[in-house]
Amino acid sequence: MTTTTTYIAFLRAINVGGRTVKMERLRALFTELGLTGVRSYIQSGNVFFSADEPDRTALTRRIEEHLERSLGYPVPVMLRTVDEVAALLAAEPFRGIEVTPDIRLVVAFLSEPLPAALALPRTSPKGDHEVIGADPGAAYVVVHLRDGRWVTGDLFGKAYRGSVTARFLHTTEKILAAARKG
């Protein structure tokens, strides 16, 4: 007996750096893989779908390969279930940290856990971000804006070989709400 799971695919490299993909096209690419209930949320590469594939690693690889063949460039995919994202938010990883005009809270979705040797919390050399915690699927980052901008940089050092895609906390909350509307 197979169980159907609803996933949120957090995609990296969608509609950034001159790589534009219309959401209609992105949804079609997921549908071509036989995934069902495909929907998207905003233009930054958030796709909801259902699948009965029990092997998440194989499903992730299949999506990544199809996207690369179709779009002509690699698109790392971080798959999470709706329940996993709900649990992440329910844990309140940023509890007690106030958002100000110069502070943003970011969930960095990881393709693999951070190295055990990576000491947290970790503050960047310039003090523009702090990785305050992590679990196997995400890291929690406090961004200190400089002149109103987030200067992206190396969050985890050279020891981390996985892929990362980040969403602001408030956007992650909206993504979950949209995914639940099914």
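Structure shown above.
Right, let's walk through the structure included here. All residue numbers refer to position in the chain's written sequence, counted from 1. A pLDDT threshold of at least 70 governs which residues receive local features in this predicted model, and a stricter bar of 80 or more applies before side-chain atom pairs are shown or counted, although totals over entire chains, interfaces and linings include all residues. Values shown for side chains rest on all heavy atoms present in the structure; no hydrogens or waters enter the calculation.

This part takes up the layout of surface pockets. What the largest pocket holds in volume is close to 710 Å³. Cavity means a closed set of points on a 1 Å grid over the protein atoms alone, one where a 1.4 Å probe fits but cannot get out, pocket means an open set with protein on both sides within 12 Å along at least 5 of 7 lines, and lining means a residue has an atom within 4 Å of a point. Taken together, 26 residues form the lining of the largest pocket, with R12, T152, V164, T165 and A166 sitting closest to its centre. In DSSP terms, a helix is any run of H or I states spanning at least four residues, a strand is any run of E spanning at least two, and both are numbered starting from the N terminus. No other element matches strand β9 (residues 164-168), which puts 5 residues into the lining of the largest pocket. We call Asp, Glu, Lys and Arg charged. Ala, Val, Leu, Ile, Met, Phe, Trp, Tyr, Cys and Pro are nonpolar, and the rest, Gly among them, are polar. Here the residues of the lining of the largest pocket sort into 12 nonpolar, 10 polar and 4 charged. Grid points are joined across faces, edges and corners, and a volume is the space filled by probe spheres set on the points.

Before going further, it helps to spend a moment on the sheet that holds strand β2 (residues 36-40). For sheets, the rule is that strands pair by backbone hydrogen bonds, running either parallel or antiparallel. If you walk across this open sheet you meet the 4 strands as β2-β3-β1-β4, and the pairing is antiparallel. Two strands lie at the open edges of the sheet, namely β2 and β4 (77-81), each paired on one side alone. The mean inter-strand angle of the sheet, taken between neighbouring strand axes irrespective of direction, is 20 degrees. In this scheme, strands are said to pair when DSSP sees at least two bridges between them. Sheet topology note: the strand β1 (residues 5-11)/β4 ladder contains 5 bridges and is antiparallel. From the neighbouring strand, A9 faces β4, where its bridge partner is L79. Relative to the sheet, helix α1 (residues 23-32) contacts β1, β2 and β3 (46-51), its axis offset from that of β2 by approximately 155 degrees. Here, residues are in contact when the closest pair of their heavy atoms is within 4.5 Å. In this analysis an axis means a line fitted to C-alpha atoms, helices contributing only their contacting stretch, and an angle means the value between N-to-C directions, from 0 to 180 degrees. Running over the sheet, helix α2 (residues 56-71) touches β1, β3 and β4 and is turned about 140 degrees from β4.

Taken together, the 5 strands give an open sheet; going across it, the order is β6-β7-β8-β5-β9, and neighbouring strands pair in antiparallel fashion. Either end of the sheet is taken by a strand with one partner, and the two such strands are β6 (122-123) and β9. Bridge count for strand β5 (residues 103-110) against β9 is 5 bridges, and the pairing is antiparallel. Within β9, the position partnered with V106 by the bridge is F168. Each of β5 and β9 touches helix α4 (residues 169-181); the most contacted strand, β9, lies at about 90 degrees to it.

The interhelical angle for the contact between α1 and α2, taken along N-to-C directions, is 130 degrees, at an axis separation of 10 Å. What the angle tells us is that α1 and α2 run oblique. For the pair α1 and α2, the sense of crossing is right-handed. Within the contact between the two elements, α1 uses R25, L26, L29, F30 and E32 and α2 uses I63, H66, L67, S70 and L71. In terms of residue class, the contact of α1 with α2 is made up of 6 nonpolar, 2 polar and 2 charged. Convention used here: angles under 35 degrees read as roughly parallel, angles over 145 as roughly antiparallel, angles from 65 to 115 as roughly perpendicular, and any remaining angle as oblique. Crossing handedness follows the turn of the near helix against the far one: under a right angle anticlockwise gives a left-handed crossing, and clockwise gives a right-handed one.

The values reported here are purely geometric and, on their own, carry no functional implication.
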